[in-house]
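So you can see what is in the structure, the chains are spelled out below.
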Amino acid sequence: MALLRVLLLLATVAACDAASRPFWEPLARLQPEAEEAKQAAAVQELLERLLGPRAASAFSVSVNRSLAGPGGLDTYRLRSGARGVIDVAGSTGVAAASGIYRYLKDFCGCHVSWSGSQLRLPDSLPPVPTEIIVTSPNRFRFYQNVCTQSYSYVWWNWDRWEREIDWMALHGINMALAFTGQEAIWQRVYLSLGLNQSEIDEYFTGPAFLAWNRMGNLHTWAGPLPLSWHLKQLYLQYRILERMRTLGMLTVLPAFSGFVPCGILRVFPRVNVTRLGSWSHFDCTYSCAYLLSPEDPMFQVIGTLFLKELIKEFGTDHVYSADTFNEMRPLSSSPAYLSKVSAAVFRSMTGADPSALWLMQGWLFQHQPDFWQPAQVQGLLHGVPLGRMIVLDLFAESKPVFSWTESFYGQPFIWCMLHNFGGNQGLFGTVENINQGPFKARSFPNSTMVGVGLTPEGIEQNDIMYELMTDLGWQREPVDLQQWTAKYATQRYGTTNTQATEAWQLLLRSVYNCSGVCVNHNHSPLVHRPSLRMVTDLWYNKSDVYEAWRLLLSSASKLGASNTFYYDLVDVTRQAMQQLVSDYYLEIKQAFQSHALSRLLTTGGVLVYDLLPELDNLLSSDGRFLLGFWLEAARNVATSDREAELYDLNARNQLTLWGPSGNILDYANKQLGGLVLDYYGVRWSLFVSTLVECLNTGTPFHQNQFNQAVFQVERGFIYNGKRYPSKAIGSTLEIATKIFLKYYPSAMKHVHWNAV
């Protein structure tokens, strides 16, 4: 108790210090509008979805705003009530839900994650021996990246959204983007301005690429959006907002960034617009956005009109997101110009909502550091009054911006873990950076940090990193990672298993401990177009993954009843096989360069005809690793065969070519049953056969010629019309064991040879 009092006192002092800063007042006014009783009822309903009928009698839930710490810091209280009931109180619904999850984890050994839940409760709930009161040091615990909307959420129905919002509440998320359905509002605004439907259809991209349409990167590609899409997304948004708000979350709505359809020029021929340059590897057929001058009166007309229409439709929590220069160079580096742009964006917000607060991604500052020098950063940020903008330090675990911008020159910021790009699969983490970074940022001189956040481009991967980061949202100092990981393994599987714990400790110190500037793009040769110049470097010792693989597999007899165990067995086996692909690639390359035809045929044959098919079989044995599930979700959104074909194209293209001609090829690569065999496997088969032909004919390998040939294979996959299974096939344990017995000995030999 003495230690608890000291921690609470330190927390109060830190919070009071933060609350005295000039930027804090506008943030303190941001509070959930749902009544306390309504929030408590929403948490009780969450509990019943999670635990079934037992929840009603086992827990008592209340919400009381007076529990909040200084500046509105979320607080929860746990104690044992009469007749063994667990009494949970929170300053908000989210705080109460966080308290419940703390109890379920620490007292009952439970676990809730994207890949599955472990909720085996004891017959009698353990009492809370001494009242527990916890106040988060973070005013905000933010979630989502604008890209997550396309890489992960795009095909979701309400059932999936409901599970996600439950996960968010349990993990303490109290601020999140709510971008669904905005195109329906934009269509309404554009029509009222005089654009015709064909001009609007030409502007919007298809569903899987809307994130980049919203940021001005793309237009037209993989569209148009059917009317049914707008109606379904509106329906979803109503339910998403209602649930988030009743749980006490602050929802972030989109605002106008300045990008307009080409049709605006027809309706308003004198409007001052500039056509920006192309984005990424797209030409102006699908890129080169029109940016409305912030000084043009139409900027305020359009921006305010959109936001008023949005608020009329959805209500508001007064926080809005807009990104004007995402991966695009501004027209001028003049700080005065940049201030005018940000001031115009903010003015279009306050024209509709005088209490508006702008949430901006800070990705642009680290993405183009040659342009965004201190003067330019300060110019953009100071176009908005201090405290009326929150900056997401989007990639703070690897490339923090606060440290070289004097804490964003006085604007409050949220320290974020980006972690994932493109929704790629692959074990990856920066645990030491995560465990230390937020606390260093909070103690930075004149720090304006107001929270922590999760900003992955794609989710449903690497559960451990998100469990750790959300735990840290309630911590005041770094955790002991070894102890934390041991508890994680026990909670995830519902029992303590020495081998499983050792496996996770190995993974923690290796694949999950990338240090320095680490970018989690999966560069494995497995998921990229083959060439003779592929990246095979790793930041960890491969043998640690192989040993973790062995340990997990050997614990199957004890953990075989755990759904999360089978997910991890597939994922770690997949990682081991990904490493093996790199080994076989290097042997293929060496055999070709040594003109060793026999060795090329043997090694290439093993890769193409055994290793990759076995990997595909493994992935196909678990419903969480199926291409068919992703494609079926896309087709289920459709209301006609024509729509189903459009959505199928969107879903396949995003995973592979990412554009009409491989513009951002393999950026969003996934390792899914069906995709490995019919896309990656076919590419590797063509590569090996091309190298064999080169040796047979004595001709050199020409990458450009191969690229032209393999593009036909890649494009053929998108249009092959094949329906892939959406249900698992085969026994995961049998397949994983077969692969282990076949490949583990040679894997360890490779490690030994490389060490020598």
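Given the structure is predicted, the values throughout are model-derived calculations rather than measurements.

Rules of the game
Think of each chain on its own: its residues are numbered from 1, step by step along the sequence as written. Local features in this predicted model are restricted to residues of pLDDT 70 or higher, and side-chain atom pairs are both shown and tallied only at a pLDDT of 80 or more, whereas totals for entire chains, interfaces and linings draw on every residue. Remark: hydrogens and water are excluded; side-chain values derive from all non-hydrogen atoms of the structure. UniProt positions are given in the numbering used here, feature names are shortened, and annotations may be inferred rather than shown by experiment. Labels follow the DSSP assignment, with helices taken as runs of H or I lasting at least four residues and strands as runs of E lasting at least two, numbered in each case from the N terminus. Exposure is judged per residue with a 1.4 Å probe applied to protein chains only, and the accessible area is read against the type maximum: over 50% gives exposed, under 20% gives buried, and values in between give partly exposed. Here, a strand pair is defined by DSSP locating no fewer than two bridges between the strands. Look down the strands so they point away from you; if the path from the first strand over the helix to the second goes clockwise, the crossover is right-handed. A pair of sulfur atoms, both from cysteines and within 2.5 Å, is called a disulfide here. Between two residues, a contact is recorded if the distance between any of their heavy atoms is within 4.5 Å. Only buried residues count toward a nonpolar core, which is a set of Ala, Val, Leu, Ile, Met, Phe, Trp, Tyr and Cys residues joined through side-chain atoms within 4.5 Å.

What follows is about the UniProt feature "domain: Alpha-N-acetylglucosaminidase C-terminal" (unreviewed entry) in the protein. Those residues carrying the UniProt feature "domain: Alpha-N-acetylglucosaminidase C-terminal" (unreviewed entry) are residues 484-742 in this numbering. Helix makes up 66% of residues 484-742 and strand 0%, whereas the separation of the span's terminal C-alpha atoms amounts to 34 Å.

Across the six residues of strand β17 (residues 449-454), six count as buried, placing the element largely inside the fold. In the sheet, strand β7 (residues 140-143) pairs with β17 via four bridges, with the strands oriented parallel. Directly across from F142, in β17, lies its bridge partner G453. The sheet contact formed by strand β16 (residues 413-417) and β17 spans five bridges and is parallel. Within β17, the position partnered with C416 by the bridge is G453. Of the crossover connections in this fold, the one passing from β16 over helix α18 (residues 431-442) to the parallel β17 is right-handed.

Moving on, we get to the state of the cysteines. Following the criterion strictly, the structure yields two disulfides and no others. Paired through a disulfide, C284 and C288 show a sulfur-sulfur distance of 1.9 Å. The disulfide joining C284 to C288 has a torsion of about -70° about its S-S bond and is therefore left-handed. Overall, C284 belongs to the partly exposed group, its relative accessible area being 36%. Note on C288: relative accessible area 1%, which makes it buried. Disulfide pairing places C514 opposite C518 at an S-S distance of 2.0 Å. Taking the torsion about the sulfur-sulfur bond, which here is approximately -90°, the covalent link between C514 and C518 counts as left-handed. Take C514: its relative accessible area is 7%, and that puts it in the buried class.

Within the secondary structure layout, I302 lies in helix α13 (residues 297-314). Apart from the residues lying within four places of it in its own chain, the contact partners of I302 are W186, L193, F256, V260, I264 and L292.

Within the largest apolar cluster, 268 residues are counted, with the highest numbers of intra-cluster contacts made by F59, W155, W212, M349, F365 and W658. In terms of residues, this core owes the most to one element, helix α24 (residues 563-593), which gives 14 residues. Aside from chain neighbours lying at most four places away, what touches W658 is Y151, F209, W212, L218, W279, F282, N653, N663, I664, Y667 and A668.

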